[in-house]
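The lines below spell out each chain.
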Amino acid sequence: MTLAPETARPATALTLQLLLDDDWFTVCELSLLTPGRGVAALLPDGRQVALFTDRAGRTYAIDNRDPFSGAAVLSRGLTGARQGRPFVASPLLKQRFDLESGRCLDDEDVRVATYEVRAA
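Residues numbered from 1 in each chain as written. Predicted model: local features only at pLDDT ≥ 70, side-chain atom pairs only at ≥ 80, totals over all residues. Heavy atoms only, no water.

**Q** Which residues make up the overall build of the protein chain, and what are the values?
**A** Assigned secondary structure in the protein chain consists of zero helices and 11 strands. Overall, the protein chain shows an N-to-C arrangement of helices and strands of β-β-β-β-β-β-β-β-β-β-β. The C-alpha atoms of the protein chain give a radius of gyration of 14 Å, which matches the 14 Å a tight globule of 120 residues would have. Each of the 120 residues in the protein chain was classed as buried or not, and the buried ones make up 40%. Relative to all contacts within the protein chain whose residues are 6 or more apart in sequence, the contacts with residues 24 or more apart total 36%. Accessible surface, the protein chain: about 6900 Å² in total, of which carbon and sulfur atoms supply 47%. (Helix = DSSP H or I, 4+ residues; strand = E, 2+ residues; numbered from the N terminus. Rg over C-alpha atoms; globule rule 2.2 N^0.38 Å. Buried < 20%, exposed > 50% of the residue type's maximum accessible area, 1.4 Å probe, protein only. Contact = heavy atoms within 4.5 Å. Areas by Shrake-Rupley, 256 points an atom, 1.4 Å probe, with all protein chains shown as cover.)

**Q** Report on the sheet that holds strand 8 (residues 85–89), specifying residues and quantitative values.
**A** Sheet strands pair by backbone hydrogen bonding; their relative direction is either parallel or antiparallel. Spatially, the three strands line up as an open sheet ordered 7-8-9, and their pairing is antiparallel. Strands with a single pairing partner mark the edges of an open sheet, and in this sheet they are strand 7 (78–82) and strand 9 (96–98). Each adjacent strand pair in this sheet contributes to an overall mean axis angle of 35°, direction not counted. The sheet contact formed by strand 7 and strand 8 spans five bridges and is antiparallel. Bridge assignment links Gly80 to a residue of strand 8, and that residue is Phe87. (Pairing = 2+ DSSP bridges. Axes fitted to C-alpha atoms, helices over the stretch in contact; angles between N-to-C directions.)

**Q** Please provide a residue-by-residue account of the pattern of salt bridges, values included.
**A** By the definition in use, this model includes five salt bridges. Close ionic contact of Arg58 with Asp54 constitutes a salt bridge, the shortest N to O distance being 2.9 Å. By relative accessible area, Arg58 is classed as partly exposed at 47%. Exposure remark for Asp54: the relative accessible area of 17% places this residue in the buried category. Residues Asp106 and Arg96 are paired through a salt bridge, measuring 2.8 Å at the closest nitrogen-oxygen approach. (Salt bridge = Lys/Arg side-chain N within 4 Å of Asp/Glu carboxyl O.)

**Q** Requested: an account of the sheet that holds strand 3 (residues 23–29), with residues and values cited.
**A** With antiparallel pairing, the three strands of this open sheet are ordered in space as 3-2-11. This sheet does not close on itself; its edge strands, each paired only once, are strand 3 and strand 11 (117–119). Geometrically, the sheet is characterised by an average inter-axis angle of 30° between neighbouring strands, direction not taken into account. Bridging between strand 2 (residues 15–20) and strand 11 involves three bridges; their strand directions are antiparallel. Paired with Leu16 across the bridge in strand 11 is Ala119.

Right, here's the structure in full:
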């Protein structure tokens, strides 16, 4: 699933926001995220972000572009945990990316951008 920013929403709905250039940007309603499944969203500058939530309610946002293939597919990856750290595995070449730091768990020289998130 890919999301574009919504213009109208109920005043009581919790939204997911990303910190972009020192301002909070509303991406979508938090209820649209399903634990263990990623969602891609388009940012104002044309980049894509992959959004994830886990069963404990923690949310994560990383760049959706897989640095190994160049494809925007990380939102479609499989989620898991290694030594208590959440990750997503690319659906193409299976490299795993830490959802908190963006570091590739299979190649320490590679990382993806991460974004600070909040529910508001």
